[in-house]
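Analysis of the macromolecular model
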Amino acid sequence: MAHPRLSESKESVLAAIRESASNTLVMVFGPTGVGKTTLCARIKQILIQEMAEHLATDRGTIPVVHIDVVSPESGNFNWRDHFRRMLCQIEEPLVNYKRLPAGEGNYHAGCPSPLSKLWAGAEYRYAVEQALRFRQPAAVLIDEAQHFAKVRSGRRLLDQLDVIKSIADRTRTIHVLFGTYDLLAFRNLNGQLSRRSIDIHFERYRAEAAGDRRIFANVLRSFERQLPFPEPPDLVKDWEYIYERTLGCVGVLKDWLMRALPAVLRAGTTTFGRKDLEPYALSVSQCDRMLSETLEGELQLQETKESRSRLRLRLGLSDDTESSASVTQESFNLISSSRGPRRPPRHPGQRRPVRDRIGTAQALMGSGLNV
């Protein structure tokens, strides 16, 4: 179901694919359940539709490569398995019989033995590069890309992303990585990656924003119209409770409805409401954990005045805060001048200019008599 956040992210990703350099890395961040997998599927559908005419004349072209990154069992990401899955995804023939040609990784020049797993991994990588180079997809869409960060302590995260960057360079193919805020670990690892990467934030709806509240209510109305009940449900009246258990993520809401709907249909009820949703809602502890991760990720993507000021100072530019402070000082001076001239400050020990007492009491005090 299309909604504004999904549509905005879709247009941003499509613009990055169409208008960026052919070796660009696009990173799409968002909280869990916001709809990144739906966005990925929609991008794939659009790219296939756009290349329909070309596919009719060139059957060897693949419009888009779409793969889900599998979480490793051993806790360390396996590139050999990833490349093999990608070859199977694009239906590359003879996957189990791939070989490196002469001059590509000659094992006599210090490379591993042809019988080792490292050699087999190199063969799969070379096969992926060749497939992307000759099949010419518009983009490689990688879902659940945060699993790339699952590496042992001895291997740097930069090495992981360098593999993707190298493949994008050699094949001249844009790679789009969809992932949770754990993917932020790859953000700005070095200057070269920062220059060649595009960040797209797929945000949730925020209850503190009036516009987001209205959109979330409209999303609920859209779901109401899709529910197969004789009596139209009224979920909008309980929008606060629904928002509380979804954190403003439409994907979480969709999964919640899909869990509750079969049981309600089996019961034969004529409508759908909060009492039907409550048994299938995420617990408070689950929502609290998800919210903590979401807020932490949103904070990392937020640009503050302090960070911008620090950047300008390091570049040798004037600080915006200083200019605003000077304007404030000028305004203060203008106000002070309108009040008349200021008296000069007194030095330590100097008396204030006050009138001394005179008369009989002062004369008696000077003579030493008690008054």
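For the structure, check the block above.
The following paragraphs examine the structure supplied in this document. (Residues numbered from 1 in each chain as written. Predicted model: local features only at pLDDT ≥ 70, side-chain atom pairs only at ≥ 80, totals over all residues. Heavy atoms only, no water.)

Here we come to the sheet that holds strand β5 (residues 197–201). On the basis of which strands lie adjacent, the open sheet formed by five strands has the order β2-β3-β4-β1-β5 and parallel pairing. Edge strands, defined here as strands with exactly one partner in the open sheet, are β2 (65–68) and β5. Averaged over all neighbouring strand pairs, the angle between strand axes comes to 15°, with direction disregarded. Relative to strand β3 (residues 140–143), β2 runs parallel, the two being bridged by four bridges. Note that in β3 the partner of D68 across the bridge is D143. Helix α4 (residues 79–89) contacts β2 and β3 of the sheet and is inclined by roughly 135° relative to β2. (Pairing = 2+ DSSP bridges. Helix = DSSP H or I, 4+ residues; strand = E, 2+ residues; numbered from the N terminus. Axes fitted to C-alpha atoms, helices over the stretch in contact; angles between N-to-C directions. Contact = heavy atoms within 4.5 Å.)

Quick look at the environment of L39 now. By the element assignment, L39 lies in helix α2 (residues 36–50). On a C-alpha basis, the gap between L39 and L6 in space is 6.7 Å, while along the polypeptide they are 33 residues apart. If we skip the residues at most four places from it in the chain, L39 touches L6, S9, K10, V13, V28, F178 and F202.

This paragraph deals with the packing of aromatic side chains. Across all of its chains, the model carries eight aromatic pairs by this definition. Between W79 and F148, the ring centres sit 5.1 Å apart and the planes meet at 15°, which makes this aromatic pair stacked. Of this pair, W79 sits in helix α4 while F148 sits in the loop between β3 and α6 (157–171), and the two are 69 residues apart along the sequence. Taking the relative accessible area as the measure of exposure, W79 reaches 13% and is therefore buried. For the pair F216 and Y243, a centre-to-centre distance of 5.4 Å together with 85° between the ring planes defines the contact as edge-to-face. With F216 in helix α8 (residues 210–226) and Y243 in helix α9 (residues 239–246), this residue pair connects regions lying 27 residues apart in the sequence. Accessibility classification places F216 together with Y243 in one group, the buried group. Clustering of aromatic rings is evident, with ring pairs tying together F77, W79, F83 and F148. (Phe/Tyr/Trp six-rings, centres within 6.5 Å; stacked < 30°, edge-to-face > 60°. Buried < 20%, exposed > 50% of the residue type's maximum accessible area, 1.4 Å probe, protein only.)

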